[in-house]
Amino acid sequence: MNFTKILTHWYSVNKRSLPWRNTKNPYYIWLSEIIMQQTQIKQGLPYYEAFVTNYPTVFDLAQANEQDVLKLWQGLGYYSRARNLHASAKYIANELNGHFPTTYSDLLKLKGVGDYTASAIASICFNAPTAVVDGNVYRVLSRYFGIDTPINSTKGIKAFKTLATTLLDTKNPGDYNQAVMEFGATQCKPKNPDCTVCPLKNSCEALQQHRVDQLPVKLKKTKVTNKHFNFLVFISEDQRTLFEKRSEKGIWQNLYQFPLIESEDAILSEDFKTHPLVSRFFDTIDFSYSLYNTETIIHKLSHQHLYTKFWIIEVKQLPEKGIPISKLKTYPTPILIGNFIDSFNF
DNA sequence: AAGTCGGGGAC
DNA sequence: GTCCCAGACTT
């Protein structure tokens, strides 16, 4: 038995029961693939269920407000996926009359759909011979064939895509693709895989060479930058607060937050009122303030650490109209803001 | 080719 | 703490 046959057989026995494995409807497969990008199944599963329930067809998703889509996406991260998902739903519903693209090249035209996702949908839904290469595939192939080309180099990306294509079970490309990924997720795991029970143990290059823990090879990622975020949580006598949409590009685009003062260094409580970035904000407004979190909240993103303070600003009247505090939870927010709203006793 | 974009899980 | 996750997009 060769690599492909062993894996497809292994998959038929060991695959997990997942909701999108009971359908070939491209809308549902597309939904699952976008949601699962850079996301573990356990984390994404409830979001998939929520989207299927709230938006059972591509037309339902197309007719939704972006704000509602982002609210349903809240907490999952990489919010451009939600914005692109919504834009592509509108494109499919309105420009393609609801006819989902059926080829790799047409799928690739959808916003948020790259080589991986186009290959996945084309193979699973339309039996196209397009091999997927995700993090699981990089790991399985680099180990089994003993390849130390960095998986995130241009050369590596090309080489692994070509290799994956040659290994594809062209009779059943969708199952083969899912087999490699499932195998990587549950057997050929990143840390401490149990190679003694591996169906490929007799022919795995990495295992013979004792290099399992050294593969795949990945180029170093960029270093983390630190930022200081000061959120101004206004509370007026009529129970309103200021809440703004992050419209600029960058993290959390189109999500909502309290007015933000970003500072080079931490702002101390005793310096708050006289800090140039703060005093400039208030002019003539009369207010009293307190610091919500005495311990700085360190919100860690992939490449940013956000040292965060929530300042409670009590005022008689807001400088702008604002929104009722009772409506705060209806807005899509970063999880950092959402956690504060959930825990603060307004 | 290198950066950017989240949040959580596993170790 | 580190690395990773059914990657895509921008610069």
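Note: the structure precedes this text.
Just so you know, these numbers come straight off a predicted model, no measurement behind them.

**Overview of the protein's contact with DNA strand C**
If you check the shell around DNA strand C, you find 29 residues, and the closest are Gln-38, Gly-112, Thr-117, Arg-139 and Lys-300. Of everything in DNA strand C that lies within 4 Å of the protein, sugar and phosphate atoms constitute 69%. Contact between DNA strand C and Asp-134: a sugar or linking oxygen at 3.0 Å from a side-chain N or O atom of the residue. The separation between a phosphate oxygen of DNA strand C and a polar side-chain atom of Lys-300 is 2.7 Å. Broken down by secondary-structure element, the contributors of at least two residues to the surface near DNA strand C are helix H2 (26–36), helix H8 (115–126), helix H9 (135–144) and helix H11 (173–186).

**So, the side chain of Asn-254**
Its location among the elements puts Asn-254 in the loop between strand S3 (244–245) and strand S4 (256–257). The exposure class of Asn-254 is buried, given its relative accessible area of 13%. Setting aside residues up to four positions removed in sequence, Asn-254 forms contacts with Glu-66, Leu-70, Arg-83, Lys-245, Arg-246, Ser-247 and Pro-332.

**A short note on the pairing of strand S5 (residues 260–263)**
Only one face of S5 is covered, namely the face carrying Ile-261 and Ser-263; the face carrying Leu-260 and Glu-262 is uncovered. Direction of pairing for strand S1 (residues 225–236) relative to S5: antiparallel, over a ladder of four bridges. Each residue of the ladder has a partner; that of Phe-229, found in S5, is Glu-262.

**A short note on the environment of Thr-117**
With respect to the secondary-structure elements, Thr-117 resides in helix H8. Sequence separation between Thr-117 and Glu-33 is 84 residues, and the spatial gap between their C-alpha atoms is 6.3 Å. Among residues more than four places away in sequence, those in contact with Thr-117 are Glu-33, Ile-34 and Gln-37. A polar contact is formed between the side chain of Thr-117 and the side chain of Gln-37, at a distance of 3.0 Å.

**As for unusual backbone geometry**
Residue Pro-216 is bonded to the preceding Leu-215 through a cis peptide linkage, with omega at 0°. Position of Pro-216 relative to the elements: it lies in the loop between helix H12 (205–208) and S1. Even without being glycine, Gln-239 reaches a positive phi, approximately 60°. Turning to its location among the elements, Gln-239 is positioned in the loop between S1 and strand S2 (240–241). Even without being a glycine, Trp-252 presents a positive backbone phi close to 65°. One can find Trp-252 in the loop between S3 and S4. Owing to a relative accessible area of 8%, Trp-252 belongs among the buried residues under this scheme.

Rules of the game
Residues numbered from 1 in each chain as written. Chains lettered and ligands numbered in written order. Predicted model: local features only at pLDDT ≥ 70, side-chain atom pairs only at ≥ 80, totals over all residues. Heavy atoms only, no water. Near = heavy atom within 4 Å. Polar contact = N/O pair within 3.5 Å; in protein donor to acceptor, adjacent residues only side chain to side chain. Helix = DSSP H or I, 4+ residues; strand = E, 2+ residues; numbered from the N terminus. Buried < 20%, exposed > 50% of the residue type's maximum accessible area, 1.4 Å probe, protein only. Contact = heavy atoms within 4.5 Å. Pairing = 2+ DSSP bridges.

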